[in-house]
Amino acid sequence: MENLPPGYFQVPQPIRGDGAGGVDKGPRDVMRDLENPDMLVPPTTDAGLIPNLRYSFSDTHMTLNQGGWSREITVRELPIATTLAGVNMSLTPGGVRELHWHQQAEWSYMLLGHARITAVDQNGCNFIADVGPGDLWYFPPGIPHSIQGLEDGCEFLLVFDDGHFSDLNTLSISDWFAHTPKEVLSANFGVPIHAFDHIPGEQVYIYQDRVPGPIESQKVQSPYGEVPQTFKHRLLAQPPLKTPGGSVRIVDSTNFPISKNIAAALVEIEPGAMRELHWHPNNDEWQYYLQGKGRMTVFTGNGTARTFDYRAGDVGYVPFATGHYIENTGTEPLWFLEMFKSDRFQDVSLNQWMALTPTELVQSNLQVGPELLEALRKEKWPVVKYPGFSYYPK
């Protein structure tokens, strides 16, 4: 490959190094095969049937509005993902995701740009904050809120604690007004019926407005004060747990108390490193890939394992308590979020489990010797990289 002319690539074929497989001469999407090398030529250790655990936001339907756009991945697109659903949304400068609320909890990660968020809780306490890249927000179920793009606009990921959730089926203020008789609105607010002559006739969802002024100019004083627990968390500013090969930032109810329904980790994997063999004992895992390329193999027991390739903008999923690992298959750091419908982040390390189990038992079970047994590590390293034992793409 080193001597090939610039821009040239070999057409991948479903042929393994041992000769298994054969040339695909029929109609095919070569670019898709290039993106999914481990589906075209699976590792020899893959076996059995596992549902699809990958879906790209690039394959979803776009909802376009004056003021921004949105697209979503729910059980409709990824049937295995029953615990969480995701929405990718962008707002223009001044663009507004209108006043609304959900029956589900909303957890969000700001990808780029800046936005202003507002909310009011059940006790009349209010909240307003500006959020930027690497910041989170969390709104509990039923808490009304809004999002507005600031001078540079914004793009963010929204995650909801129900795989059947759709952001196009939320409870919006404009939708409720449109489906309430005007005489009822008049009686409720104590104003003449003509005050509602120009209300929208349907859900607005996203609309274009002016860029708001400084946050101090928009603050509203509530007689009940501000919300007792902040809805905002600066995840990227949080000191990471660093290990050879990368870093991890964990956020759950222990350091973001309001986040009762969703826990998460922001993971960085350097080239040649991997998210170690592990599993999660509390719930399924929903992933969003932010940067780079990687591959994940999931082991579900009974001789079954399957490998999937991931790129920026992809969603991955891991069923409850199934073993898995993630390798960086690119030349730049791989960043992704792993999220759980839980108030706590929990994982079990295969290495640590073995290290804290009687040595004789591990030895007899796996038929291994001191070379492995003496290298086991009692401390958990979520990301690992050992000189001379790392995976590098060919």
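Basis of the calculations
- Residues numbered from 1 in each chain as written.
- Predicted model: local features only at pLDDT ≥ 70, side-chain atom pairs only at ≥ 80, totals over all residues.
- Heavy atoms only, no water.
- Helix = DSSP H or I, 4+ residues; strand = E, 2+ residues; numbered from the N terminus.
- Buried < 20%, exposed > 50% of the residue type's maximum accessible area, 1.4 Å probe, protein only.
- Contact = heavy atoms within 4.5 Å.
- Areas by Shrake-Rupley, 256 points an atom, 1.4 Å probe, with all protein chains shown as cover.
- Lys, Arg positive; Asp, Glu negative; His and termini not counted.
- Charge placed at Lys NZ, Arg CZ, Asp CG, Glu CD.
- Core = buried A, V, L, I, M, F, W, Y, C linked by side-chain atoms within 4.5 Å.
- Salt bridge = Lys/Arg side-chain N within 4 Å of Asp/Glu carboxyl O.
- Polar contact = N/O pair within 3.5 Å; in protein donor to acceptor, adjacent residues only side chain to side chain.
- Phe/Tyr/Trp six-rings, centres within 6.5 Å; stacked < 30°, edge-to-face > 60°.
- Pairing = 2+ DSSP bridges.
- Axes fitted to C-alpha atoms, helices over the stretch in contact; angles between N-to-C directions.
- 1 Å grid on protein atoms, 1.4 Å probe; cavity = no way out; pocket = protein on both sides within 12 Å on 5 of 7 lines; lining within 4 Å.
- Points joined across faces, edges and corners; volume = space filled by probe spheres on them.
- Nonpolar A, V, L, I, M, F, W, Y, C, P; charged D, E, K, R; others polar.

Enquirer: Before we go on, may I ask you to explain the overall build of the chain in this structure?
Expert: The number of helices and strands found in the chain is eight helices and 24 strands. Structurally, the chain occupies a C-alpha span of about 80 × 55 × 35 Å along its principal axes. Sorting the 394 residues of the chain into buried and exposed places 47% on the buried side. Across the chain, every contact between residues at least 6 apart in sequence was considered, and the portion connecting residues at least 24 apart equals 75%. When the accessible surface of the chain is totalled, it reaches about 19,800 Å², and 55% of it is carbon and sulfur. Here the chain carries 29 positive and 46 negative side-chain charges, and the mean point of each set is 3 Å from the other.

Enquirer: When you look at the nonpolar core in this model, what are you seeing that I'm missing?
Expert: A general tendency of soluble globular proteins is for nonpolar side chains to be buried together. In terms of nonpolar packing, the biggest core is built from 51 residues, with Trp107, Trp137, Phe156, Trp286 and Met339 touching the most fellow members. Here the element with the most residues in this core is strand S9 (residues 145–160); it accounts for seven residues. Leave out the neighbours within four places in its chain, and phenylalanine 156 touches Val87, Asn88, Met89, Leu91, Ser108, Tyr109, Met110, Leu111, Trp137 and Ile147.

Enquirer: How should the side chain of arginine 249 be read in this particular structure?
Expert: Within the secondary structure, arginine 249 sits in strand S14 (residues 246–251). Buried within the structure, arginine 249 lacks any salt-bridge partner; glutamate 268 is the closest side chain of opposite charge, at an N-O distance of 5.6 Å. Among the polar contacts listed, one links the side chain of arginine 249 to the backbone oxygen of leucine 236, at a separation of 3.5 Å. Once residues lying within four places of it in the same chain are set aside, the contact partners of arginine 249 are Leu235, Leu236, Gln238, Pro239, Pro240, Ala264, Ala265, Leu266 and Trp335.

Enquirer: Where do I start with the packing of aromatic side chains in this structure?
Expert: Each pair of aromatic rings is reported with the distance of its centres and the angle of its planes. As enumerated under the stated definition, the model contains 14 aromatic pairs in all. Arranged with centres 6.2 Å apart and planes meeting at 40 degrees, the rings of phenylalanine 189 and phenylalanine 196 form a pair that is tilted. On the basis of relative accessibility, which here comes to 46%, the residue phenylalanine 189 falls in the partly exposed class. The rings of Phe127, Phe139 and Phe231 are connected pair by pair, giving a single aromatic cluster.

Enquirer: What should I look at first to understand the sheet that holds strand S20 (residues 314–318) in this one?
Expert: Paired through their backbone hydrogen bonds, the strands of a sheet run either parallel or antiparallel. Spatial ordering of the open sheet is given by S1-S20-S17-S22-S15-S14-S13, a layout of seven strands whose pairing is antiparallel. Either end of the sheet is taken by a strand with one partner, and the two such strands are strand S1 (54–56) and strand S13 (241–243). Within this sheet the neighbouring strands show an average axis-to-axis angle of 20 degrees, counted without direction. Where strand S15 (residues 263–269) and strand S22 (residues 334–340) come together, seven bridges link them in antiparallel fashion. Note that in S22 the partner of leucine 266 across the bridge is leucine 337.

Enquirer: Looking at this structure, how should I read the side chain of glutamine 238?
Expert: Looking at the element boundaries, glutamine 238 is found in the loop between strand S12 (232–234) and S13. Judged by its relative accessible area of 13%, glutamine 238 falls in the buried class.

Enquirer: How should I be thinking about the layout of surface pockets in this particular structure?
Expert: Empty space among the atoms becomes apparent when a probe as large as a water molecule is rolled across them. Considering only enclosed or pocket space, the second largest pocket measures out at about 800 Å³ in volume. What lines the second largest pocket is a set of 34 residues, among which Leu99, Thr118, Ala119, Val120 and Phe127 lie closest to the centre. Mapped by element, the contributors of at least two residues to the lining of the second largest pocket are strand S5 (96–101), strand S6 (106–120), strand S7 (126–131), S9, helix H3 (173–178) and helix H5 (215–218). Top contributing element to the lining of the second largest pocket by residue count: S5, with five residues. Looking at the lining of the second largest pocket residue by residue, the classes come out as 18 nonpolar, eleven polar and five charged.

Enquirer: When you look at the environment of aspartate 161 in this model, what are you seeing that I'm missing?
Expert: Mapped onto the secondary structure, aspartate 161 falls in the loop between S9 and strand S10 (171–172). Sequence-wise, aspartate 161 and methionine 339 are 178 residues apart; in three dimensions their C-alpha atoms are separated by 9.9 Å. In this view, aspartate 161 contacts Thr83, Leu84, Gln104, Ala105, Asn261, Ile262 and Lys341; residues no more than four positions away in its chain are not counted. For aspartate 161, the side chain forms a polar contact with the main-chain nitrogen of alanine 105, separated by 3.0 Å.

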